[in-house]
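Per-entry structural report
The lines below spell out each chain.
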Amino acid sequence: MTRKLMKGNDAIAEAAIRGGCRFFAGYPITPQSEILEYLSWRMPEVGGVFIQTESEISGISMVYGAAATGARAFTSSSGPGFSLMQEGISYIASAELPCVIVDVQRYGSGLADIFTGQGDYWQAVKNGGHGDYRCLVYAPNSVQETVDLTVSAFDKAEEYRNPVLILTDASIAQMMEPVEFPALKDHNQDALPWAMNGKGDGQNKRHTSIMYYNLDYDNYLKNKYDKIIEKEQQWEEIKTEDAELVLVAYGISSRICAEVVEMARKEGLMVGLIRPITLYPFPVKAFEKLEKVKYFASVEMSCLSQMIEDVVMAARCRPTYPIRGGMKVYEAEEILSAVKDIFAGNAKEVY
Amino acid sequence: MKKRRSKILYVDHKFCPGCGHGIVNRLVAEVLEEMNEDKGAICAVAVGCSSLMPDTYGVDIVQSQHGRAAAVAVGIKRCRPDNMVFSYQGDGDALAIGFSETMYAAIRNENITVILINNNNFGMTGGQMSPTTLENQRTTTSPYGRDVSLTGKPLDVMKLMGTLDVAYLARGTLTDIKEITKTKKYIRKAFEAQKNKAGYSLVEILSPCPTNWGMTPLNACKHINQVVQSVYPLGEYQGGGK
Ligand SMILES: Cc1ncc(C[n+]2csc(CCOP(=O)(O)OP(=O)(O)O)c2C)c(N)n1
Ligand code: SF4
Ligand SMILES: [Mg+2]
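1. So, the confidence of the model for chain B
Per-chain confidence: chain B averages 97 in pLDDT, with 98% of residues scoring 70 or above. Across the whole predicted complex the pTM is 0.98, and at the interface the ipTM reaches 0.97.

2. Considering the sheet that holds strand E7 (residues 168–173) of chain B
Read across the open sheet, the 8 strands follow the order E10(A)-E2(B)-E1(B)-E3(B)-E4(B)-E8(B)-E7(B)-E9(B); overall the sheet is mixed. Among the strands making up the open sheet, the edge pair consists of strand E10 (206–207) of chain A together with strand E9 (235–238) of chain B. Bridge count between strand E3 (residues 85–90) of chain B and strand E4 (residues 113–118) of chain B: 5 bridges; the pairing is parallel. Within E4 of chain B, the position partnered with Gly-90 of chain B by the bridge is Ile-117 of chain B.

3. With respect to the pattern of salt bridges
All names here are of chain A. Evaluation of the coordinates by the stated rule reveals 41 salt bridges over all chains. The partner of Arg-72 in a salt bridge is Glu-158, with the nearest N and O atoms 2.9 Å apart. Taken together, the residues span a long stretch of sequence, with Arg-72 in the loop between helix H3 (56–68) and strand E4 (73–77) and Glu-158 in helix H7 (residues 143–160) at a distance of 86 residues. Residue class for Glu-158 comes out buried when judged on its relative accessible area of 18%. Taken together, the shared-partner salt bridges connect Glu-14, Arg-18, Arg-42 and Glu-45 into one network.

4. Brief notes about the coordination of the magnesium ion (ligand 3)
Residue and element names in this part refer to chain B. Surrounding the magnesium ion (ligand 3) are the protein donor atoms Asp-91 (OD), Asn-119 (OD1) and Asn-121 (O), at 2.0 to 2.2 Å. Written as a sequence motif, the donor arrangement for the magnesium ion (ligand 3) is D-x27-N-x1-N. A residue is classified by how much of its surface remains accessible, and Asn-121, at 3% relative accessible area, is buried.

Conventions we followed
- Residues numbered from 1 in each chain as written.
- Chains lettered and ligands numbered in written order.
- Predicted model: local features only at pLDDT ≥ 70, side-chain atom pairs only at ≥ 80, totals over all residues.
- Heavy atoms only, no water.
- pLDDT = per-residue confidence, 0-100.
- Pairing = 2+ DSSP bridges.
- Helix = DSSP H or I, 4+ residues; strand = E, 2+ residues; numbered from the N terminus.
- Salt bridge = Lys/Arg side-chain N within 4 Å of Asp/Glu carboxyl O.
- Buried < 20%, exposed > 50% of the residue type's maximum accessible area, 1.4 Å probe, protein only.
- Donors = N, O, S within 2.8 Å, 3.2 Å for Na, K, Ca; no water.

So, in structure tokens, the structure goes:
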């Protein structure tokens, strides 16, 4: 297999094709637009559907319809556009249909700005939409991992009949790295028993909230997500075995934190890193064995420290500190100095 | 004579007595069966009184978000180009919250059929003003009558879409056998346009809502004949071969 130098966004788009996706409907927004641009020529090449929609609301609605027919369907956006999709995501989850959605995070609320950020954690991981549902959320930290997780996202979406989100950021989506792609996967929508194709000679199918027809809905849903929590946690750990302080970071922040671990160790500071690859389910299993750790720190590009709530819970309320980024990507030295403050007792715990 | 009932209507509908939805449900069912398209048909149903249909209407059916049925139908149709795909929507769904999705499906001349039940109000939520509520009509949110100086004039979707390059547009009603027969013919032509891959078709049906109009079913029909039709003239607007 040949390696190619490729931009994160283009790699996401190609990975979707490799994963058997033949339906994309979406709307331009920086820093995500390359996904549309790539698929506008690539989809027709493989006989798939590409639609530039009038809005993200329309895009996610088309994805809903396509998913109902068993197609592997996909849309992508960033902050403001991701907000517009929330109603549709809730409906798709509620009807138990699969789809994949990419949010290339930019920084800030409202119109926000196009530079990188990690402020959509709450919206992606805790549900931007109404009601009880969860989305499986992947957080890649390299272009290759973006490809691998995008391909796997389509399988997982179908396995659990649930939306899967790729929560990436402008840094990972805009950087160029060498990547390898898996071979093109064939997807047969008619092999799925729930895929709509008209009722034929049988009973008609309905895709609506499963709540209406599932008499044990509450337990059913709880069990469904319990199973995902049990089976789907993914993380990477670096030097956590003997660590006194464990940094927790995903996406672009985790790459800088890996550097910080090296720098700190050189100075004799026992620092490790947990990098969640799935944000939902949050990799609590990674924390269970870390009994010796004294401190945790959540390193994220969000001025309110969004992920830290999950870190505190996973750490079972051991001392946890926010290391906040924001308007720019951190320098490793800044994080290292925050780490030293924690060891020196000069930092303030989150609660 | 034995009453023949469409197989799609496998249980009784749940609409109020005298409601137009029940008649349109039946007309669409008959047309699909007469065209031999019932087995492949897929419906994107709106939020509104039409949301009662997934329980009673025997075609494949997707419950769309409020206003988004046309976009959902587009997603379905692009993945199942050989199936008859239609959205079934109220006036509030298609023309208030879903205005953009409704118009853009038409602007792109998507090969879907839209069945639009215009009963001049938000039926499901208890009779609030909708974009098609008549001037001075009292509703629960226009208690003194719709004041067009504040709300704008009643929205005429035939006029809006008349300038677009779509395959078929017609407006019918249900007030007597003659009108019902005409409406059925419009629905048939709309699905035929889709079958011929001619593109977008929409049939708007002026439909009684006795419950929220506070009228008997008969008076509701009279009201359509005497008042509603003068604001929303009946007939074929595009693709009718006139
Ligand atoms: C996002 C959203 N907003 C509001 C509602 C509440 N709601 C349900 S049906 C409806 C109006 C339906 O009116 P119409 O489309 O005219 O259908 P009818 O019931 O008259 O046939 C509204 C506002 C909703 N379900 N979702
Ligand atoms: S409220 Fe009106 S539109 Fe709804 S079912 Fe009753 S009569 Fe029909
Ligand atoms: Mg209505």
